[in-house]
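# Overview (structure and organization)
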Amino acid sequence: MSIVRTSITKGQAKALATLSIFSSTSAAFGPSIGGFLIEAWDWPSIFFVNFPFIVLSFIMAIFILPNTSQGKVELGRIDFGGIILFIITMVGLILFLLSLEKSIHWWALLIFIIASFLFYKYENNRSEPFIDFDSLKRNRTVSLIYLQFISINLVYYCYFFGFPIFLQQVHHYSEKQSGLIMLALAGFGVIIAPLTGRLIDKYKSKLPLVIGAVFLLVGTALLLSLHENSSLLWLLVIMGVLGISNGFNNISMQTALFEHIKPNETGTASGLFQTSRYIGSILSSSLLGIVFTAHLDVQHLHKVAIVCLIFCALVLVLALRLPGKLRLNKPSQ
């Protein structure tokens with residue numbers, strides 16, 4: 001994100017849309033390719049297939065990425081203490097959430113509370129903290145953008161992780177078939193990404209964020225209409241609506257972040273932005289672990305959808321309160 005911000009001065013939204021297309025395409029074909037690999041060579045194959053791409057990425061990074069500085073890596077500036085406390089906090093939270101289905105682990109909640117307090121106090125005393133809480137307090141809009149992105153990813157990854165399990169265990173599709181069906185979820189994001197980029201260049205990020213939030217809310221609500229005899233076509237329609245929401249939200253959230261930070265804060269803000277993505281995906285895994293532990297059926301999927309509806313409403317509220325106008329007319333030059 002820092003490279004896009006510093007190296008591309010015009011049409012940044014289009015550049016982000018291009019990156020998102022490649023990212024969404026990878027996400028779209030990843031489950032499908034993974035399904036074929038698992039069916040043909042079992043699950044370890046999905047890890048081995050990554051090595052050629054890792055090597056290629058290193059080579060391309062060396063020869064293609066701009067050399068912006070000759071600075072040395074200073075390990076002393078890395079907040080290892082903050083990182084360790086953050087890990088303990090997240091592990092405590094996950095262990096507590098996963099215990100809600102059976103016997104509640106109150107000790108995990110205690111670890112989470114104590115670690116959170118220590119993490120907050122420790123970071124406030126650091127000159128270069130892992131997470132700058134003072135900066136988040138000063139820029140409330142950016143803090144809410146992170147919260148919105150956490151919520152979006154919590155909902156999206158509930159479906160991205162949950163649908164393959166649902167398709168295989170409830171509808172008894174094979175890994176290969178489930179992977180192909182998942183194209184409906186990620187594939188529509190690829191189609192929508194260029195349109196989102198043009199909307200952002202013309203109207204800024206608020207309009208596409210509101211559109212994406214509405215699609216996310218509608219798609220989640222439609223999940224409640226699924227029943228045991230629902231056709232695959234209806235499920236594909238719902239997955240398509242959810243995929244469209246991801247096409248709007250993914251790029252729009254990045255540009256919304258850019259619109260409310262200074263250029264020299266891009267690297268740090270982008271790091272926290274990705275941390276927000278991972279927190280959302282971790283929480284989604286915890287939710288699925290709680291709901292899908294017992295016998296899996298449509299009713300369990302509905303429980304996930306009901307929880308996700310709450311976060312969808314939060315996403316819509318945060319999108320509407322984002323600074324900016326929902327301009328549908330052509331902006332003045």
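Quick note: structure is the one above.
What comes next is a walk through the structure. Computed from a prediction, not measured in an experiment: that's the story for all the values here.

On to the overall build of the protein, then. From N to C terminus, the protein includes 14 helices and zero strands. Secondary structure elements of the protein, listed N to C terminal, follow the sequence α-α-α-α-α-α-α-α-α-α-α-α-α-α. What you see for the protein is a C-alpha radius of gyration of 21 Å, in line with the 20 Å of a compact globule of 333 residues. Split into buried and exposed, the 333 residues of the protein put 44% on the buried side. In the protein, the proportion of contacts linking residues at least 24 apart, taken out of those at least 6 apart, comes to 77%. Carbon and sulfur atoms provide 68% of the accessible area of the protein, an area that totals close to 18000 Å².

Take the packing of aromatic side chains next. Per the counting criterion, the structure on display carries 14 aromatic pairs. Aromatic pair Trp43 and Phe47: ring centres 6.2 Å apart, planes at 90 degrees, arrangement edge-to-face. Owing to a relative accessible area of 53%, Trp43 belongs among the exposed residues under this scheme. Members of the aromatic cluster, connected to one another through ring pairs, are Phe86, Phe119, Tyr120, Phe130 and Phe133.

The next point concerns the pattern of salt bridges. For the structure on display, the rule yields three salt bridges. In this structure, Lys176 engages Glu39 in a salt bridge whose closest nitrogen and oxygen atoms are separated by 3.8 Å. Highlighted residues: Lys176 in helix α9 (residues 175-181) and Glu39 in helix α2 (residues 12-41), separated in sequence by 137 residues. For Lys176, a relative accessible area of 30% translates into the label partly exposed. Put simply, Asp79 and Arg126 hold a salt bridge, and the shortest N to O gap is 3.5 Å. Within this pair, whereas Asp79 is found in the loop between α4 (51-64) and α5 (80-98), its partner Arg126 is found in the loop between α6 (106-124) and α7 (133-138), the two being separated by 47 residues in sequence. Assessed through its relative accessible area of 3%, Asp79 is described here as buried. The exposure class of Arg126 is partly exposed, given its relative accessible area of 27%.

Conventions adopted
- Residues numbered from 1 in each chain as written.
- Predicted model: local features only at pLDDT ≥ 70, side-chain atom pairs only at ≥ 80, totals over all residues.
- Heavy atoms only, no water.
- Helix = DSSP H or I, 4+ residues; strand = E, 2+ residues; numbered from the N terminus.
- Rg over C-alpha atoms; globule rule 2.2 N^0.38 Å.
- Buried < 20%, exposed > 50% of the residue type's maximum accessible area, 1.4 Å probe, protein only.
- Contact = heavy atoms within 4.5 Å.
- Areas by Shrake-Rupley, 256 points an atom, 1.4 Å probe, with all protein chains shown as cover.
- Phe/Tyr/Trp six-rings, centres within 6.5 Å; stacked < 30°, edge-to-face > 60°.
- Salt bridge = Lys/Arg side-chain N within 4 Å of Asp/Glu carboxyl O.

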